[in-house]
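The primary structure of each chain is shown beneath.
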Amino acid sequence: MAQRGGHERRVRHVTFPTVNRNGSGRLIRLECVVYLDRHDHPQTPDRRFDEVIRRERGRNGDVNPPFTFFDTNPRIGNGYDLTGESFQLAVVIADRMVRYGYSERRPIIATGCLPDNDGTVGAVDETDFDGKLNVLFEMASTDRVFCFPRLNGTGPASAKLKRLATERGVTLRPVDRLEELEDLWTPPAVSVWLKMARRARSLMRHVAGWLGSLHRAALVATLTAAMILLVIALLSHDDVGDSSEAGSTSINTSGRYGAYQTLFCDPLVRALKSAYLPGYRCTLSAGTMENILRVLKWPTSVSLGQLDMLALEALKRPELLKSITVIRQDFACEGLWMVTRDPELTFRQISVWARRIPFVLPPQGSGTAASFAFLQLNDPEGLGRGSDANKRYVADATAVINEVASSPDNAVGFFVQFADPDNANFRLIASQGLSLIPVTSDEIQQIKLNGEAVYRTQVFGLRSGDVKTSCTPVAIITGAPEVFSNDPNKADDQKDLIDRIRRLPAERLLPQPSSFARVVSSASRYVDDAMRELMDLIRDGT
């Protein structure tokens, strides 16, 4: 929901409801990152976001505030445009929470206009507000905070608001002025250790229920709690890198057990060191999007990521490619895969029937979800006709496979995965009796970035046989030398860095197949083994 690490802070739990002309709507999530040690104008996906943020910062007396990056999910400007100004309250709340810190960690939904330069929260059109309340009933889970103009809380809307509070457990925050919400952006008072202790206490209550005896639970409480804290620490720290280590000599990768970190980074470190560019180190991250942001912040850093995600961002912000250089994209490719229970289904049929097919995807904000959105954007008459209402999001690629296997509606799953034949996901597909569908078409092969194909077609050798599918190349990116136009020495060093990586033979960047299988599979085994040991400990009571 929200993270903070080093000189960065993130907010991902503020949304605003939208209603289109035909009366249907959805919640738009704001995704915000602030770089506390850097000062610059905010970067936003819509100039209207920028306008209200700057206006409210000026009114609040914020001089030289830190640089903030804003995005939305779904992304604004790729066929999903906003009308009206009722997004303003949510945008300003998110801006202040990400810059100042916050105590409210429940999901926040906000709607309201900020029409004047005095903090007044203006009313939303009555019909639109009623539609937004319907969106909350349809899409919002329980235990949320709803901020809205007090003027909209009277009349016919009052009955629906009361139902939201009583039936859905929504906390209502009607306001006249922005300052009435100041408690939302105060720094959190609860420490990380206290949060972990609360999680452990909650888990212990479940443990006691399994054991059926408080006395027996007490005998293993200390050791069990320690194991729980250890597993929580593994799960929370291994998947998301410590961004406090990021800097100008980072090679930004992925989670601790991801292929970018374990397989592709060390050869880059060695190549740069041999070119008298020492000090580069492998640095964990949350994935491609964060890696792009790090190159924008530290142009001499190097990042790995999905080429299609970079292309999607470049479509949104064409100026992005003026600051970033794609060093190479020729050494590894992540396959695009669909999976289904129907052995007769083809990708061509899926494209034709996309408007009716239920799709199962990894989480919103993941690289796979971004890849699917990019395919839809570039195939408006095929996959692009699939609706958001027919998408289901689950935890990861493994959950996609399991969901498809148990789905009663013949759902189609989509995921992006290196084609390692020993990978557990490919074995799971076989054991569940599912069909693997190659994702390839003329439309996909025609997608380009700066004249270069974004996707390749490649034959991968799996246990079930050779499969030909599209894949997104792993891109190595860094800052463009032109960003150092005022410093010829730095510009030349950056050119040397780019040239050194380009001259590195592609095979030097590729892992051996046996190494690939061993490292990738060890990650899931590590956590699974820890959990099994914990459960054995609980069951045995020793």
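Above this text sits the structure in question.
Since we're looking at a predicted model, the values are computed, not measured.

Calculation rules
- Residues numbered from 1 in each chain as written.
- Predicted model: local features only at pLDDT ≥ 70, side-chain atom pairs only at ≥ 80, totals over all residues.
- Heavy atoms only, no water.
- Disulfide = S-S within 2.5 Å.
- Helix = DSSP H or I, 4+ residues; strand = E, 2+ residues; numbered from the N terminus.
- Buried < 20%, exposed > 50% of the residue type's maximum accessible area, 1.4 Å probe, protein only.
- Salt bridge = Lys/Arg side-chain N within 4 Å of Asp/Glu carboxyl O.
- Pairing = 2+ DSSP bridges.
- Contact = heavy atoms within 4.5 Å.

J.: Explain the state of the cysteines here, please?
T.: Where two cysteines share a covalent bond between their sulfur atoms, that bond is called a disulfide. Taken as a whole and judged by the stated rule, the model has two disulfides. Through a disulfide, Cys 265 is tied to Cys 282; the S-S separation comes to 2.1 Å. Disulfide Cys 265-Cys 282: the torsion about the S-S bond is -110°, which places it as left-handed. With Cys 265 in helix 7 (residues 259-274) and Cys 282 in strand 9 (residues 281-283), this residue pair connects regions lying 17 residues apart in the sequence. A relative accessible area of 0% means that Cys 265 is categorised as buried.

J.: Explain helix 9 (residues 307-316) to me, please; I cannot follow it from the model alone.
T.: For the α-helix, the turn length of 3.6 residues means that residues three or four positions removed from each other point alike. For helix 9, a buried count of nine out of ten residues is recorded, marking the element as mostly surrounded by other parts of the structure. Every buried residue of helix 9 is listed here: Leu 307, Asp 308, Met 309, Leu 310, Ala 311, Leu 312, Glu 313, Ala 314 and Lys 316.

J.: Please explain the pattern of salt bridges as it appears in this structure.
T.: Where charged atoms from two side chains of opposite charge approach closely, those side chains can pair. By the definition in use, this model includes 33 salt bridges. With a shortest N-O distance of 2.5 Å, Glu 31 and Arg 29 are connected by a salt bridge. In this structure, Glu 31 and Arg 29 share a single accessibility class: buried. A salt bridge links Arg 150 to Glu 180; the nearest nitrogen and oxygen atoms lie 3.0 Å apart. Taken as a pair, Arg 150 in the loop between strand 6 (145-149) and helix 4 (157-167) and Glu 180 in the loop between strand 7 (171-175) and helix 5 (192-211) lie far apart in primary sequence, 30 residues in all. Under the relative-accessibility criterion, Arg 150 is labelled partly exposed at 36%.

J.: I tried to follow the environment of Ile 28 on my own but got confused; where do I start?
T.: On the secondary structure map, Ile 28 appears in strand 3 (residues 25-39). The class for Ile 28 is buried, based on a relative accessible area of 0%. Residues Ile 28 and Val 14, spaced 14 residues apart in sequence, show a C-alpha to C-alpha distance of 8.6 Å.

J.: Is there a simple way to explain the pairing of strand 2 (residues 8-19) in this structure?
T.: Each regular strand shows side chains that alternate between the opposite faces of the sheet. Among the twelve residues in strand 2, ten count as buried, and that is most of the element. Pairing of strand 2 with strand 3 involves ten bridges; the strand directions are antiparallel. When the bridges of strand 3 are listed, Pro 17 appears paired with Leu 27. With two bridges connecting them, strand 2 and strand 5 (residues 108-110) associate as parallel partners. When the bridges of strand 5 are listed, Val 14 appears paired with Ile 108.

J.: In this structure, what is going on with the environment of Asn 60? I would like to understand it.
T.: Position of Asn 60 relative to the elements: it lies in the loop between helix 1 (47-59) and strand 4 (66-73). Here the alpha-carbon distance between Asn 60 and Asp 118, two residues 58 residues apart in the chain, equals 9.4 Å. Beyond its immediate stretch of four places on either side in the chain, Asn 60 contacts Arg 96 and Tyr 100.

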